[in-house]
Every structure is written in structure tokens, then in C-alpha cells.
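The primary structure of each chain is shown beneath.
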Amino acid sequence: MAIQERFSLRNLYLYLVCLITLVISIFAAVNLVRSAVELVYPDPGFYVQAPMKDPGVSPEEQERFQRAAEDSQQRQSVLGVISSGALLLIAGPVYVYHWRRIQAELPSRQTPPEGPQPPA
């Protein structure tokens, strides 16, 4: 394969799409794991009640604020899992499709013939 054929505009496009979708998939996988961990093991610093020790705030209101904060954090974690999963479901097949196109267009590598080699 000549160097011109290997670096045609079409091949550069295919390799660029593969690179971009691979990077997106890696970041989505990392965010998916991070969001899943946040969902299972929430941030304990989020529920600190020390600022709520205002004498004008009743214990019922403190409990309501704490529950609202917990619900908000859980919602954000679920949204993170869903968005990262959706990103993986979109970027993954795009990567696989383009990579298979690249592999299909590569010339097959011929194996050297078996047996003694003729003298040069």
C-alpha cells in the first residue's frame, strides 16, 4: 500500500472519528463509574447540619432540608449514570463501525510461502 493510499482524506477521516469516539467512550466510562459510586456511596459532607443550627429553624425543617439535599444528590447521580450510559451507547457503535471500515479497507497481509527460499 502506497503512502498516498494510506493517508487519503477518507482514511484520515475514519481514523479521526475513531480517535474522537474512543476518547469520548473513555471519558463516558469513567463518568459512569464515578456516578455509580456516588449513587451507592453518597458524599457525607453534603449532609452537614452545622449551618442549620440556626435557632429560627425547627428540627422538622432541618430534617426536610436534609432529605431534600439527599434527594437532590441522588437525582444528580442517577442523571450522571444515565447520561454516561447513553454516551457510551452512542459513541461505542460509532467507533466500532468506523474501525471495522478501516480494517476492511486494509490490504490483507500475505504470509510468506513455506519451504526453502530461492537464492537472491
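Just so we're clear, the structure is a prediction, and the values are computed from it rather than from any experiment.

Cut-off values and rules
Residues numbered from 1 in each chain as written. Predicted model: local features only at pLDDT ≥ 70, side-chain atom pairs only at ≥ 80, totals over all residues. Heavy atoms only, no water. Helix = DSSP H or I, 4+ residues; strand = E, 2+ residues; numbered from the N terminus. Expected span 1.5 Å × (residues − 1). Buried < 20%, exposed > 50% of the residue type's maximum accessible area, 1.4 Å probe, protein only. Salt bridge = Lys/Arg side-chain N within 4 Å of Asp/Glu carboxyl O. Contact = heavy atoms within 4.5 Å.

**Student:** Please clarify how helix α2 (residues 9-40) should be interpreted in this entry.
**Tutor:** For the α-helix, the turn length of 3.6 residues means that residues three or four positions removed from each other point alike. The terminal C-alpha atoms of α2 lie 46 Å apart, and with 32 residues this matches the ideal 46 Å at 1.5 Å per residue to within 8%. Turning to α2, its buried residues are Asn 11, Leu 14, Val 17, Cys 18, Thr 21, Ser 25, Ala 28 and Ser 35.

**Student:** Would you mind going over the pattern of salt bridges with me for this structure?
**Tutor:** Two side chains of opposite charge can pair, provided their charged atoms sit close to one another. Using the criterion set out here, one finds five salt bridges in the structure. Here Asp 71 ties to Arg 67 by a salt bridge, and the two come within 3.0 Å at their closest N and O atoms. With Asp 71 and Arg 67 both in helix α3 (residues 59-105) and four residues apart, this pair spans about one turn of that helix. Asp 71 gets classed as partly exposed once you look at its relative accessible area, which sits at 35%. Residues participating in the shared-partner salt-bridge network are Arg 10, Arg 101 and Glu 105.

**Student:** Would you mind going over the side chain of Ser 77 with me for this structure?
**Tutor:** Along the chain, Ser 77 falls in helix α3. With residues up to four places along the chain from it excluded, the contact list for Ser 77 reads Ser 35, Glu 38 and Leu 39.

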